[in-house]
Amino acid sequence: MNIIETEGLTKYYGKVRGIEDVTLAVEEGEIFGFIGPNGAGKTTTIRTLLGLLFPTRGRARIFGKDVVRHGPEIRRDIGYLPSEVFFYEGMKVRDLLQYAASFYPGDHTQRIRELAEYMELDLNRRVDELSYGNKKKVGIVLGLIHRPKLLFLDEPTLGLDPLMQRRFFDLIQRENRENGVTVFFSSHILSEVQRLCHRVAIIREGRIVEISDIRTLQKNSYKKVTVTAPDLTPKVFQLPGVADLRVEDGTLRFYFKGDINEVLGRLAALQVQDVTIEDPTLEEIFMHYYA
């Protein structure tokens with residue numbers, strides 16, 4: 001079952017492009033990565049899905065319901081952590097969280113306590129006394145208070161120190177594994193997406209350029225080749241499919257897409273001292289799409 005479905009989703013701000021013809025589907029229970037640099041359209045996509053922006057054209061459904069016509073109903077089962085968080089400054093953290101929880105049925109006191117303890121968040125501090133990183137922790141707890149079925153994370157680790165980032169990742173994986181929460185994870189930090197996500201969509205200048213599971217994305221893109229041998233020159237590996245070829249201190253590096261046996265044939269003619277052929281990182285794949 002698809003939790004999120006979009007068809008030709010487009011948003012313009014006047015004549016300025018936000019996103020254009022975004023079509024994707026996010027399956028129930030997956031952690032879906034949405035990557036692109038700042039300005040690519042990630043936040044616009046999320047805000048349109050949330051019903052905070054109205055699309056110029058196209059359509060989007062969450063839980064099988066149109067996000068424009070059924071927005072309030074849909075949002076009851078959604079958690080959202082924006083990239084920038086702002087709160088009522090005069091309130092204590094505990095009061096702010098209880099106020100937010102009051103919009104949902106049931107008693108969420110224990111849930112607030114558990115999440116705050118896990119994120120090392122002091123409930124007795126005033127919001128205006130918090131650092132930006134601690135305010136981000138408040139946002140994380142807010143997004144999870146009501147046990148949402150779907151969680152939107154927009155650049156979620158901004159402001160968190162490395163130790164707290166790891167704790168946050170563990171929390172998201174636990175919510176996904178134990179409670180079946182579907183996660184839409186938007187980031188420009190590719191190592192985060194590579195660590196957490198099952199599939200990934202790459203957005204470039206408002207358009208989706210690739211959707212794939214991470215392993216397939218790595219396997220179907222360029223291989224990264226590093227060769228060390230005496231008297232290496234770039235012309236040895238001037239083959240169709242070779243890109244970014246360079247030699248430095250007797251080591252030749254390049255990316256290759258095609259039949260790897262062609263590279264192995266050239267290697268066989270050399271006195272190779274060392275060679276590695278490996279899948280590129282997600283960051284290197286990402287840069288390929290933006291080259």
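Refer to the structure above for everything that follows.
Residues numbered from 1 in each chain as written. Predicted model: local features only at pLDDT ≥ 70, side-chain atom pairs only at ≥ 80, totals over all residues. Heavy atoms only, no water.

**Quick notes on the pattern of salt bridges**
- Going through the model one piece at a time under the given rule, you end up with 19 salt bridges.
- Across the pair E7 and R61 runs a salt bridge, and its minimum N-O distance is 2.9 Å. Of this pair, E7 sits in strand β1 (residues 2-13) while R61 sits in strand β4 (residues 57-62), and the two are 54 residues apart along the sequence.
- With a relative accessible area of 40%, E7 lands in the partly exposed category.
- For R61, a relative accessible area of 15% translates into the label buried.
- Here the residues in one salt-bridge network are E20, D21, R57 and R207, joined through shared partners. (Salt bridge = Lys/Arg side-chain N within 4 Å of Asp/Glu carboxyl O. Helix = DSSP H or I, 4+ residues; strand = E, 2+ residues; numbered from the N terminus. Buried < 20%, exposed > 50% of the residue type's maximum accessible area, 1.4 Å probe, protein only.)

**With respect to the nonpolar core**
- Of all hydrophobic cores here, the largest spans 43 residues; its most connected members are V93, L97, V138, I140, L153, F168 and F185.
- Broken down by element, the residue count for this core peaks at 5 residues, all from helix α6 (residues 162-179).
- Counting 24 residues, the second-largest nonpolar core is a separate cluster that includes V22, F34, L49 and I74. (Core = buried A, V, L, I, M, F, W, Y, C linked by side-chain atoms within 4.5 Å.)

**Topic: the environment of K92**
- Within the element layout of this structure, K92 appears in the loop between β6 (78-81) and α3 (93-101).
- K92 sits 159 residues away from T251 along the chain, and the two C-alpha atoms are 59 Å apart.
- Contacts of K92, omitting those with residues within four sequence positions, involve L123, N124, R125, R126 and V127. (Contact = heavy atoms within 4.5 Å.)

**Re the pairing of strand β3 (residues 31-35)**
- With 5 of 5 residues buried, β3 is to be regarded as a mostly interior element.
- Note: β3 against strand β8 (residues 182-187), 5 bridges, orientation parallel. By the bridge assignment, G33 is partnered in β8 with F185.
- Bridge analysis of β3 against strand β9 (residues 199-204) gives 4 bridges, and the strand direction is parallel. (Pairing = 2+ DSSP bridges.)

**Comments concerning the sheet that holds β9**
- The 6 strands are arranged β6-β7-β8-β3-β9-β10 in an open sheet whose pairing can be described as mixed. At either margin of the open sheet sits one strand with a lone partner, and together these are β6 and β10 (207-213). On average, each strand axis in the sheet is inclined to that of its neighbour by 15°, with strand direction left out of account.
- Sitting on the sheet, helix α1 (residues 42-49) touches β3, β6, β7 (150-154), β8 and β9, and the angle it makes with β7 is about 150°. (Axes fitted to C-alpha atoms, helices over the stretch in contact; angles between N-to-C directions.)

**What about the side chain of D154?**
- Relative to the helices and strands, D154 is located in strand β7.
- For the buried D154, which has no salt bridge, the nearest side chain bearing the opposite charge is R47, at an N-O separation of 5.6 Å.
- Setting aside anything within four residues of it in sequence, one finds D154 in contact with T43, I46, L81, P82, S83 and S186. (Lys, Arg positive; Asp, Glu negative; His and termini not counted.)

**Concerning unusual backbone geometry**
- A positive phi is found at E155, a non-glycine position, where the angle reads about 50°.
- Turning to its location among the elements, E155 is positioned in the loop between β7 and α6.
- The class for E155 is buried, based on a relative accessible area of 11%.
- Phi at E205 takes a positive value of approximately 50°, unusual for a residue other than glycine.

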